[in-house]
Amino acid sequence: MTAQTEHPDVVPPMRTLAELRAALRVWGFPGDLQAFETELAGTDLDDLTQVREVTQAYRHRVMLRCDPQAMAALMRSSEDVAFELGQKMAGGTE
């Protein structure tokens, strides 16, 4: 099973700009919808690469928000992460 289909019932549809906007409204981080609109407005709509980059970035933010493991990782404190890195660098198993 690929990473894109692990949570098919949880991730909202985002095949169109309207669906992406709806997903950002419900699942986005605070300010995501406004930031998306601002970035999209500053994009040359004839440059499909640029439009794709903006839309993919915000789709990934929604997917991140829908993934419990990703959210748990984001909630870890800096001290916890620093401790784990220190352990790994010192040759510890955890």
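Residues numbered from 1 in each chain as written. Predicted model: local features only at pLDDT ≥ 70, side-chain atom pairs only at ≥ 80, totals over all residues. Heavy atoms only, no water.

**Q** Mind showing me how you'd approach helix 5 (residues 78–89) here?
**A** Every α-helix winds through 3.6 residues per turn, so residues three or four apart in the chain are directed the same way. Between its terminal C-alpha atoms helix 5 stretches 16 Å, which fits the 16 Å expected from twelve residues at 1.5 Å a residue. Two residues or fewer after helix 5 comes glycine 91, characterised by a positive phi angle close to 90 degrees. (Helix = DSSP H or I, 4+ residues; strand = E, 2+ residues; numbered from the N terminus. Expected span 1.5 Å × (residues − 1).)

**Q** In this structure, what is going on with the nonpolar core? I would like to understand it.
**A** Of all hydrophobic cores here, the largest spans eleven residues; its members are Met14, Leu20, Ala23, Leu24, Phe36, Leu40, Val51, Val54, Tyr58, Val62 and Cys66. Looking at this core, the elements with two or more residues in it are helix 1 (17–27), helix 2 (32–41) and helix 3 (48–66). Here the element with the most residues in this core is helix 3; it accounts for five residues. With residues up to four places along the chain from it excluded, the contact list for leucine 20 reads Met14, Phe36, Thr55, Tyr58 and Arg59. (Core = buried A, V, L, I, M, F, W, Y, C linked by side-chain atoms within 4.5 Å. Buried < 20%, exposed > 50% of the residue type's maximum accessible area, 1.4 Å probe, protein only. Contact = heavy atoms within 4.5 Å.)

**Q** Just checking my understanding: could you explain the pattern of salt bridges for this structure?
**A** Pairing between side chains of opposite charge can happen when the charged atoms of each approach one another. This structure, assessed with the given rule, holds six salt bridges. Across the salt bridge formed by glutamate 37 and arginine 21, the nearest N and O atoms sit 2.4 Å from each other. Separated by 16 residues along the polypeptide, glutamate 37 in helix 2 and arginine 21 in helix 1 bring together distant segments of the chain. Notably, a salt bridge pairs arginine 61 with aspartate 32, separated by 3.0 Å at the nearest N-O pair. (Salt bridge = Lys/Arg side-chain N within 4 Å of Asp/Glu carboxyl O.)

**Q** How should I be thinking about a nonpolar patch on the surface in this particular structure?
**A** Taken together, the side chains of Val81, Leu85 and Met89 define a hydrophobic patch exposed on the protein surface, amounting to about 320 Å² of accessible area. The residue leucine 85 is located in helix 5 in this model. (Patch = residues over 30% accessible without salt bridge, like charges linked within 9 Å, V, L, I, M, F, W, Y side chains within 5 Å. Areas by Shrake-Rupley, 256 points an atom, 1.4 Å probe, with all protein chains shown as cover.)

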